[in-house]
Amino acid sequence: MALIKSKNLSLAYDGVLIASGLDFEVNKGDYLCVVGENGSGKSTLVKALLGLKNPNGGELIFSDGLEKKEIGYLPQQTGVQKDFPASVYEVVVSGCINKLGKKPFFGSAHRLLAEKNMKRLGIEDIKKRCYRELSGGQQQRVLLARALCATGELLLLDEPTAGLDPKATQDFYELIQALNRDGITIIMVSHDINSAINYSSHILHMSHKPLFFGKTEDYVKSPIGRAFIGGEEE
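Residues numbered from 1 in each chain as written. Predicted model: local features only at pLDDT ≥ 70, side-chain atom pairs only at ≥ 80, totals over all residues. Heavy atoms only, no water.

A closer look at the overall build of the protein
Logical step 1: Looking only at helices and strands, the protein has nine helices and nine strands in total.
Logical step 2: Here the C-alpha atoms of the protein give a radius of gyration of 18 Å, agreeing with the 17 Å that 2.2 N^0.38 yields for 234 residues.
Logical step 3: Sorting the 234 residues of the protein into buried and exposed places 46% on the buried side.
Logical step 4: Once local pairs closer than 6 in sequence are excluded, the contacts in the protein between residues at least 24 apart make up 68%.
Logical step 5: Carbon together with sulfur atoms contributes 49% to the accessible area of the protein, which is approximately 11600 Å² in total.
Logical step 6: Of the charged side chains in the protein, 28 are positive and 28 negative, and the gap between their average positions amounts to 6 Å. (Helix = DSSP H or I, 4+ residues; strand = E, 2+ residues; numbered from the N terminus. Rg over C-alpha atoms; globule rule 2.2 N^0.38 Å. Buried < 20%, exposed > 50% of the residue type's maximum accessible area, 1.4 Å probe, protein only. Contact = heavy atoms within 4.5 Å. Areas by Shrake-Rupley, 256 points an atom, 1.4 Å probe, with all protein chains shown as cover. Lys, Arg positive; Asp, Glu negative; His and termini not counted. Charge placed at Lys NZ, Arg CZ, Asp CG, Glu CD.)

As for the layout of surface pockets
Logical step 1: Put simply, the largest pocket is a space of about 490 Å³.
Logical step 2: Forming the walls of the largest pocket are 22 residues, and the residues nearest its centre are Tyr73, Pro75, Ser94, Leu143 and Arg146.
Logical step 3: Secondary structure elements with two or more residues in the lining of the largest pocket: strand S5 (72-74), helix H3 (88-93) and helix H5 (136-150).
Logical step 4: Sorting elements by how many residues they give to the lining of the largest pocket places H5 first, with four residues.
Logical step 5: When its volume is computed, the second largest pocket comes out at roughly 220 Å³.
Logical step 6: The dominant element in the lining of the second largest pocket, judged by the number of residues it contributes, is helix H1 (residues 42-49), at four residues.
Logical step 7: In terms of residue class, the lining of the second largest pocket is built from three nonpolar, eight polar and four charged. (1 Å grid on protein atoms, 1.4 Å probe; cavity = no way out; pocket = protein on both sides within 12 Å on 5 of 7 lines; lining within 4 Å. Points joined across faces, edges and corners; volume = space filled by probe spheres on them. Nonpolar A, V, L, I, M, F, W, Y, C, P; charged D, E, K, R; others polar.)

Details of the packing of helix H4 (residues 108-120) against H5
Logical step 1: Axis separation between H4 and H5 bottoms out at 9 Å; the angle between their running directions is 135°. By the angle between their directions, the pair H4 and H5 is classed as oblique. The way H4 lies across H5 gives a crossing that is right-handed. Between H4, through Leu113, Ala114, Asn117, Met118 and Arg120, and H5, the contact on the second element is made entirely by Ala145, Leu148 and Cys149.
Logical step 2: Class assignment for the residues of the contact of H4 with H5 results in six nonpolar, one polar and one charged. (Axes fitted to C-alpha atoms, helices over the stretch in contact; angles between N-to-C directions. Parallel < 35°, antiparallel > 145°, perpendicular 65-115°, else oblique. Left-handed = near helix turned anticlockwise from the far one by under 90°.)

Next up, the structure:
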């Protein structure tokens, strides 16, 4: 069974229908990139996947073993978030908050998971540094480690390389690819169409209606794929 299946999904923003007829599915191990012009409903889809917004119609079906709160989420960063006055460790371990249950404090298992993910992403040596003092690339690794503390199965990334320099962007994409090869399923919203086709296994191209869903290799041969890759995107 698919981890997530969308059936005839429609999405609205401020009462205005912005996307309809969305049919797609995400299976374990997939790397799905969601692309499309501004205003096509990509961010609204993210909110629906996280359970923060109800679909206007249709349905999102989650497998029995996956809860919305167990999706590791890396949002677009705001200026306020970039200036957050906490240590790297404090940011990372906060990803375990949904695992606390009725407990008021993080326990040894949560601390060990945070340490594991900091090591996994190569940031264990900066765990005592203040988050707001880090470079953009380091901050994204911290937020990714935080997201991994919430899940061992699926990561949802919303424009994760926005504002990063080319080297940090390349490093981040390679890091995501390595996590995907380790068995983490990826859903990434991106305007970076070249990286999307270089790294993803599947593409969902959104507009007011779905223009394409399928394997990346088929997308690049499709009329919409050729047009979008050729520079007609916003």
